[in-house]
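Commentary on secondary and tertiary structure
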Amino acid sequence: MAAQFRSYVWDPALIVAQMVLLQAGYYSSLGLWLALLGTLGSTGPSLQQIFSDEILGFSTPPGRLSMMAFVLNALTCALGLLYFIRRGKQCLDFTVTVHFFHLLGCWIYNSHFPSTLTWWLVHIVCTALMAAIGEYLCMRIELREIPLNSAPKSNV
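Keep in mind that what you see is a predicted model, and the values were worked out from it rather than measured.

Things to note about the packing of aromatic side chains
Overall, the coordinates contain 7 aromatic pairs when judged by the stated rule. Both rings, one in Tyr27 and one in Phe51, keep their centres 5.6 Å apart while their planes meet at 45°; by these two values the pair is tilted. Of the two residues, Tyr27 sits in helix H1 (residues 12-41) while Phe51 sits in helix H2 (residues 47-51), which places them 24 residues apart along the sequence. Geometrically, the ring pair formed by Phe100 and Phe101 is tilted, given 6.0 Å between the ring centres and 55° between the ring planes. Phe100 gets classed as partly exposed once you look at its relative accessible area, which sits at 44%. Through a chain of ring-to-ring contacts, the aromatic side chains of Tyr26, Tyr27, Phe51 and Tyr109 assemble into a single cluster.

What follows is the structure, given as structure tokens:
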């Protein structure tokens, strides 16, 4: 079998470690954004802001701040995809996995499936943002020129 450029070896331990790292980064950065934005609205971060489907909305200041935190978190996690995943082909997979586990966490925390339209819209937009920006950043790194000659050029 001929050697392939960047051949992919299936490593389940690496995949699980990347998932755990990205999920921890997702909740850490979301908590950080909620704390930073909470200073604007004089509210602190809480599990209710992270997991409740009823708090997200345009009608209340905490709902708007939570929506801003989720969008900013999607941008932050796109950087996480760049640094921890580094493959454009896998960005969508890891993004959907992170948001799927968040959906399960919301379902367990609230004891019911998220049913508000705002919750679904925010998370669909955040999934799309995180995947698209993460893939764009990873593709920029993957498509860099590969130097063929590392020796200094001589003047002739």
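Resuming the write-up.
Some thoughts on the side chain of Gln49
With respect to the helices and strands, the residue Gln49 is situated in helix H2. Gln49 gets classed as buried once you look at its relative accessible area, which sits at 5%. Beyond its immediate sequence surroundings of up to four residues, Gln49 is in contact with Leu34, Thr43, Gly44, Ile55, Ser66 and Phe70.

Remarks on unusual backbone geometry
Positive phi, close to 65°, is recorded for Arg86, a residue that is not glycine. Note that Arg86 resides in the loop between helix H3 (61-85) and helix H4 (91-110). You can call Arg86 partly exposed: its relative accessible area is 46%. The phi dihedral of Ser111 is positive, around 60°, even though this residue is not glycine. On the secondary structure map, Ser111 appears in the loop between H4 and helix H5 (117-142). In this structure Ser111 comes out as exposed when scored by relative accessible area, which is 66%.

Section: H1
Helix length check: H1 (30 residues) gives 43 Å between terminal C-alpha atoms against 44 Å at 1.5 Å per residue, within 8%. Within the span of H1, buried status applies to Ile15, Gln18, Leu22, Gln23, Tyr26, Ser29, Leu30, Gly31, Leu34, Leu37 and Gly38. Residues of H1 that are buried sit in contact with H2, H3, H4 and H5. One or two positions beyond H1, positive phi appears at Ser42, with a value near 55°.

Notes on the environment of Glu54
By secondary structure assignment, the location of Glu54 is in the loop between H2 and H3. Counting along the chain gives 23 residues from Glu54 to Cys77, while the straight-line C-alpha distance between them is 23 Å. Leave out the neighbours within four places in its chain, and Glu54 touches His112 and Thr116.

Some thoughts on the environment of Cys106
With respect to the helices and strands, the residue Cys106 is situated in helix H4. Residues Cys106 and Leu30, spaced 76 residues apart in sequence, show a C-alpha to C-alpha distance of 14 Å. Residues within four places of Cys106 in sequence aside, it is in contact with Ile50, Phe51, His112, Pro114 and Trp119.

Overview of the nonpolar core
Within the largest apolar cluster, 29 residues are counted, with the highest numbers of intra-cluster contacts made by Leu22, Leu30, Phe70 and Leu81. For this core, the secondary-structure elements that each account for two or more residues are H1, H2, H3, H4 and H5. Broken down by element, this core gets its largest block of residues, 9 residues, from H3. Leave out the neighbours within four places in its chain, and Phe70 touches Tyr26, Leu30, Gln49, Ile50, Leu56, His102, Val122, His123 and Cys126.

Calculation notes
Residues numbered from 1 in each chain as written. Predicted model: local features only at pLDDT ≥ 70, side-chain atom pairs only at ≥ 80, totals over all residues. Heavy atoms only, no water. Phe/Tyr/Trp six-rings, centres within 6.5 Å; stacked < 30°, edge-to-face > 60°. Helix = DSSP H or I, 4+ residues; strand = E, 2+ residues; numbered from the N terminus. Buried < 20%, exposed > 50% of the residue type's maximum accessible area, 1.4 Å probe, protein only. Contact = heavy atoms within 4.5 Å. Expected span 1.5 Å × (residues − 1). Core = buried A, V, L, I, M, F, W, Y, C linked by side-chain atoms within 4.5 Å.

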